[in-house]
Amino acid sequence: MRTGAPIARLRRAQGHRHLLTGSAMLVVGAAIQAASGAIFWLIAAKLDTEGDVGAAAKLFQSVLFVTYLGGLGLPVALARYAADRDDDSDATFTWAAIATSIAGAALGLVYVAVLHSSATDVLTDWNTVGGPLLFAVLVVGAALSMIADVRCMTARRWNLVMVRITLVGLARLPLLFLMRDHDHRSLWLFVFAGGPVAVSGFLSAAVAPRLAGGRLRLGPRPVAARAAARYSAVNYLSTLAYQAPYFALPVIVLTYVSSESYASFNVAWGIVAVAFYVPTALGQALLAEGGRDGAHLRSQVRLALVLAVGLMVVGAVAVAVGRDVVTAIYGDGYADAARVLPAMVAAGIPWAITSLLLSEVRILHRHTATVAITLSLTVAIVVPALILVPDDGIDGASVSWFIGNLVAAGVAVVAVRVSRARSAVDPTVDDDPSLAAPGTAADAAEVGITLAEHSA
């Protein structure tokens, strides 16, 4: 009998505990973020005109889009290369904060200069210089909130991430009752939506290193600086590909539709985001624990698929039957949201298949299958949207969303079957692994990052 076996099992359990605890807290945090956001826009819809709400929602979505572009792959890289309580981690975090601030500010100003729409007009109508600068500042703050959360995650201070998310959600609500009769009400709605996030980012970036037992520092040069930069670049490209549909589709819509139409799209999109989060969370749980402790990965995938697809079918039926609830809550002005919502939520059924099969190939490091699935998802949504939205508005976006998810699910099924067939032919390829437990908080942070990104 090996005396080391119980100790090894205990260590694996400890690793799983940190991983699952952190991931579970991020799921709760994402739920709080989604709920507070939905309540914010619901109150705004009751207090303000569709035009003002739509213009503010366009700008807020634009901040999320530019933050996504300016991420540079740094959140995941920091989880790997700034996970300790030492000078190297402090310096890596400091330089990451500088890099994401510069990228966010530059991209924010370029975005306002290049995209001429009713959204950016809100900024320049208020102040030709101050409006774009305000937008850039909110982008920087949002980007800093992301990497500051990572620093807290790697220090296993998940509770602080939860506190930040909760305080931001609560702080936004009373602000809605300020500046009610201001000439630039849509601008203020945008500030109320994005301001608390940005403020929390600046504050968190300043104090996060101390909470991790260190401080902001520019030197000495981190030993793994080159490796961290390379890792960041690789993950930046994969993140852009994987998340492009979620950020690109709203920007395509806001470019071509009026603020009133976008207000309806924003309502539908918020409900879709919550619905789609269910299979996403299941996929991340599978990514975190797939195949560990001797469990069979395929059995786990089948169970997760049954659960996710079943929940999404129930959700799609409920939305199709009860879509008039949207107009009952938001008003008749949001009838367009009720019209496009059933198809957009129904797209969650193929998305459940895509997200869980994608988790399987990622666990098994099937890079070709991973790229095929993520690329098909992006192309199948974005290309139809570019064609349909200019003429059909949010109806075109709804069709593109459904078609894209359906195509991606088909590609995912084929890619996984090919992957499994190759594993059957080559017995040296282990396609049902019992994976080693993570040894550092960085593994838990990477799962948490993905969860947080999808809840943005």
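Nothing here was measured: the structure is a model prediction, and the numbers come from that model.

## Brief notes about the overall build of the protein chain
- Scanning the protein chain from terminus to terminus reveals 17 helices and zero strands.
- Contacts in the protein chain between residues at least 24 apart in sequence constitute 84% of all its contacts with a sequence separation of at least 6.
- In the form shown here, the protein chain has an accessible surface area of approximately 19300 Å², with 67% of it arising from carbon and sulfur atoms.

## Considering the pattern of salt bridges
- Considering all chains together, one arrives at four salt bridges under this definition.
- Asp149 is the partner of Arg164 in a salt bridge, and the nearest nitrogen-oxygen pair spans 2.9 Å. Residue Arg164 is found in helix α7 (residues 158–175), and its partner Asp149 is found in helix α6 (residues 130–154); the two are separated by 15 residues along the sequence.
- A single salt-bridge network, built from bridges that share partners, covers Asp336, Arg339 and Asp395.

## Overview of the nonpolar core
- Core analysis: the biggest nonpolar cluster contains 92 residues, and Trp41, Phe135, Phe190, Val253 and Trp401 have the highest contact counts within it.
- Ranked by size, the runner-up nonpolar core spans 10 residues in total, among them Leu74, Ala96, Ala97 and Ala205.

## Considering the confidence of the model for the protein chain
- For the protein chain, the average pLDDT comes to 77, and 73% of its residues sit at 70 or higher.
- Mean pLDDT across the secondary structure elements of the protein chain bottoms out at helix α17 (residues 441–454), with 44, and peaks at helix α13 (residues 335–346), with 91.
- With pLDDT under 50 throughout, residues 5–15 is counted as low confidence; its partners more than four residues away or in other chains account for three contacts.
- Counted against residues more than four places away or in other chains, residues 428–456, with its pLDDT under 50, gives 90 contacts.

## What to know about the packing of aromatic side chains
- Within this structure, the stated rule accounts for 16 aromatic pairs.
- Relative to Phe135, the ring of Tyr111 has its centre 5.7 Å away and its plane inclined at 10 degrees; by these criteria the two rings are stacked. Of this pair, Tyr111 sits in helix α4 (residues 87–114) while Phe135 sits in helix α6, and the two are 24 residues apart along the sequence.
- For the ring pair Tyr330 and Tyr334, a centre distance of 5.6 Å and an interplane angle of 50 degrees mean the geometry is tilted.
- An aromatic cluster is present here, built from Tyr246, Tyr262, Phe265, Trp269, Phe276, Trp351 and Trp401 joined pairwise through their rings.
- One cation-aromatic arrangement involves Arg172 over Phe40; the distance from NZ or CZ to the ring centre is 5.3 Å.

## Brief notes about the packing of α6 against α7
- Where α6 meets α7, the axes come as close as 7 Å, and the angle between the chain directions of the two elements is 150 degrees. With respect to each other, α6 and α7 are oriented roughly antiparallel. As for how α6 packs across α7, the hand of that crossing is right-handed. Every residue of α7 that contacts α6 at Ser145, Asp149, Cys152 and Met153 is listed here: Trp158, Leu160, Val161 and Arg164.
- When the residues that make up the contact of α6 with α7 are grouped by side-chain class, the tally is five nonpolar, one polar and two charged.

## Overview of the environment of Gly108
- Structurally, the position occupied by Gly108 is in helix α4.
- C-alpha of Gly108 to C-alpha of Leu133: the two residues are 25 residues apart in sequence and 8.3 Å apart in space.

## Section: the side chain of Asn266
- Tracing the sequence through the fold places Asn266 in helix α10 (residues 259–289).
- Setting aside anything within four residues of it in sequence, one finds Asn266 in contact with Trp41 and Ala57.

## Considering the side chain of Ser36
- For Ser36, the position within the fold is in helix α1 (residues 4–47).
- Residue Ser36 is classed as buried on the basis of its relative accessible area of 9%.
- In contact with Ser36, not counting residues within four places along its chain, are Gly169, Arg172 and Leu173.

Reading guide: rules and limits
Residues numbered from 1 in each chain as written. Predicted model: local features only at pLDDT ≥ 70, side-chain atom pairs only at ≥ 80, totals over all residues. Heavy atoms only, no water. Helix = DSSP H or I, 4+ residues; strand = E, 2+ residues; numbered from the N terminus. Contact = heavy atoms within 4.5 Å. Areas by Shrake-Rupley, 256 points an atom, 1.4 Å probe, with all protein chains shown as cover. Salt bridge = Lys/Arg side-chain N within 4 Å of Asp/Glu carboxyl O. Core = buried A, V, L, I, M, F, W, Y, C linked by side-chain atoms within 4.5 Å. Buried < 20%, exposed > 50% of the residue type's maximum accessible area, 1.4 Å probe, protein only. pLDDT = per-residue confidence, 0-100. Phe/Tyr/Trp six-rings, centres within 6.5 Å; stacked < 30°, edge-to-face > 60°. Lys NZ or Arg CZ within 6 Å of the ring centre and 35° of its normal. Axes fitted to C-alpha atoms, helices over the stretch in contact; angles between N-to-C directions. Parallel < 35°, antiparallel > 145°, perpendicular 65-115°, else oblique. Left-handed = near helix turned anticlockwise from the far one by under 90°. Nonpolar A, V, L, I, M, F, W, Y, C, P; charged D, E, K, R; others polar.

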